[in-house]
Amino acid sequence: MTATTRATAQAPGPRGTGSAPAPRPAPRGTRARAALVPWGFVAPFLGLFALCFVLPVLYALYQSFLQVRRHGLFGEEGRESVFAGLGNYARALEQDAFVESIGRVLLFGIVQVPVMIGLALLLALLLESASAQWPGLFRATFFMPYGVPGVVASLLWGFLYTPGLSPLIDAAGLVGLEPDLLGPDTVLWSIANIITWLFVGYNMLILIAQLKTIPAELYEAARIDGAGPWQTAWRVQIPLIRPALVLTTIFSIIGTLQLFAEPQIVRGFTANIDSSYTPNMAAFKSAFTDNDYNVAAAQSVMVALAAFVLSFGFLWLVNRKDRQR
């Protein structure tokens, strides 16, 4: 290398730092286009979400404030939609069957959701323990019921609940038991069993996915401190998968209020389930049996509002406890 080349290579930059000149900032138009790229990826989802969720909810809300008024003895002179205010909501709440269905579903959720989340948590902890044998096989086995459509599962369990058809009831009869799984006091919990069987594996996988994110160093530290398996689960694992537990609980609360397919199918096996057994069934009856779409819209809006209030109420309660710690 010549002296001239060496001097050129060692010459300082524009600011005397010896480094290459700083790159120029991208033009404003380029930065704006780059900022729009993420929105291009989420735009299809946002469009479908608005089309399939937001717009139907807004349309149901709009219909819930209207009432169809027919002119003539049989409506032969035409009909018109008039503003009814909260009249449809009042008419919906005047239906004893609808009010009873709300209380029934709330009781269902108070019992079934904690049982299902508790079972999912127990299975997740057992399958992620160090002594678990063939965890992949058992994960697939417990998750398999989730792949069964709710209608098929309800038909399957409906036959298992029916005397004369169920091998379970026949086996119970051999030991002197005569369970009435479709009786007026038990049919709700028979439906709860179907829901638990369907979704406990799904919730289990969500919890397992969260458990796998826990660093191995924390388990090693717990062993050094002398913690046993249950102490590790209680002190380390459960607190760290709290977000997944909250998520699965919220999903379960929303699913409880949307209960429809399972009782609708099991209704064919027993007379103890009427057409308004759950709020969604009551709204379906108002729309397609009574031809009162406006009251059905009001009932649907109340179900959606209840899901919103209960979900965010649960979140508020969890966050409040976190702040108090």
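Residues numbered from 1 in each chain as written. Predicted model: local features only at pLDDT ≥ 70, side-chain atom pairs only at ≥ 80, totals over all residues. Heavy atoms only, no water.

Student: Which residues make up the side chain of aspartate 292, and what values do they have?
Tutor: Positionally, aspartate 292 belongs in the loop between helix 13 (279-288) and helix 14 (293-324). Among the polar contacts made by the side chain of aspartate 292, one reaches the main-chain amide nitrogen of valine 295 at a distance of 3.4 Å. Once residues within four sequence positions are removed from consideration, aspartate 292 is found in contact with Arg91, Ser286 and Ala287. (Helix = DSSP H or I, 4+ residues; strand = E, 2+ residues; numbered from the N terminus. Polar contact = N/O pair within 3.5 Å; in protein donor to acceptor, adjacent residues only side chain to side chain. Contact = heavy atoms within 4.5 Å.)

Student: Can you tell me about the side chain of serine 154, naming the residues and giving the values?
Tutor: Relative to the elements of secondary structure, serine 154 occurs in helix 6 (residues 150-161). What makes serine 154 buried here is its relative accessible area of 0%. Within polar-contact distance, the side chain of serine 154 engages the backbone oxygen of glycine 150 at 2.8 Å. Not counting residues within four places of it along the chain, the set of residues in contact with serine 154 comprises Ile194, Ala261, Glu262, Ile265, Val266 and Phe269. (Buried < 20%, exposed > 50% of the residue type's maximum accessible area, 1.4 Å probe, protein only.)

Student: Any chance you could break down the pattern of salt bridges for me, citing the residues and the numbers?
Tutor: For the coordinates displayed, the defined rule picks out five salt bridges. Here aspartate 292 ties to arginine 91 by a salt bridge, and the two come within 2.3 Å at their closest N and O atoms. Residue aspartate 292 is located in the loop between helix 13 and helix 14, and its partner arginine 91 is located in helix 3 (residues 87-93); the two are separated by 201 residues in the primary sequence. Aspartate 292 gets classed as buried once you look at its relative accessible area, which sits at 18%. Two residues, arginine 223 and glutamate 220, come together in a salt bridge whose shortest N-O distance is 2.7 Å. (Salt bridge = Lys/Arg side-chain N within 4 Å of Asp/Glu carboxyl O.)

Student: Just give me the short version of the environment of alanine 97, but keep the residues and values in it.
Tutor: On the secondary structure map, alanine 97 appears in helix 4 (residues 96-127). Along the sequence, alanine 97 and proline 279 sit 182 residues apart, while their C-alpha atoms lie 8.9 Å from each other.

Student: Would you mind going over the environment of serine 275 in detail, with residue names and values included?
Tutor: Relative to the helices and strands, serine 275 resides in the loop between helix 12 (261-266) and helix 13. Judged by relative accessible area, serine 275 falls into the partly exposed class, the value being 22%. Setting aside its immediate chain neighbours within four residues, serine 275 contacts Arg267, Met281, Ala282 and Lys285.

Student: How would you explain helix 7 (residues 167-174) if you had to name every residue and give the values?
Tutor: One side-chain oxygen at the N-terminal end of helix 7 lies 3.1 Å from the backbone nitrogen of leucine 168; it belongs to serine 166. Once helix 7 ends, the next one or two residues include glycine 176, with phi positive near 85°.

Student: Outline the layout of surface pockets, listing residues and values.
Tutor: For the largest pocket, the calculated volume is near 860 Å³. If you trace the largest pocket, you find 29 residues lining it, with Val57, Ala60, Ser300, Val301 and Ala304 closest to the centre. Mapped onto the lining of the largest pocket, the elements with two or more residues apiece are helix 2 (28-63), helix 11 (242-257), helix 13 and helix 14. The biggest single contributor to the lining of the largest pocket is helix 14, with twelve residues. Grouping the constituent residues of the lining of the largest pocket by class yields 23 nonpolar, six polar and no charged. When its volume is computed, the second largest pocket comes out at roughly 450 Å³. Taken together, 18 residues line the second largest pocket, and the ones lying closest to its centre are Glu128, Ser129, Ala130, Pro229 and Gln237. (1 Å grid on protein atoms, 1.4 Å probe; cavity = no way out; pocket = protein on both sides within 12 Å on 5 of 7 lines; lining within 4 Å. Points joined across faces, edges and corners; volume = space filled by probe spheres on them. Nonpolar A, V, L, I, M, F, W, Y, C, P; charged D, E, K, R; others polar.)

Student: Describe the confidence of the model for the protein, with residues and values.
Tutor: Residues with a pLDDT of 70 or more make up 89% of the protein, whose mean pLDDT is 88. Looking across the protein, the model is least confident in helix 1 (residues 3-9), with a mean pLDDT of 45, and most confident in helix 8 (residues 187-211), with 96. In this model residues 1-16 is a low-confidence stretch, pLDDT under 50, and it forms six contacts with partners more than four residues away in sequence or in other chains. (pLDDT = per-residue confidence, 0-100.)

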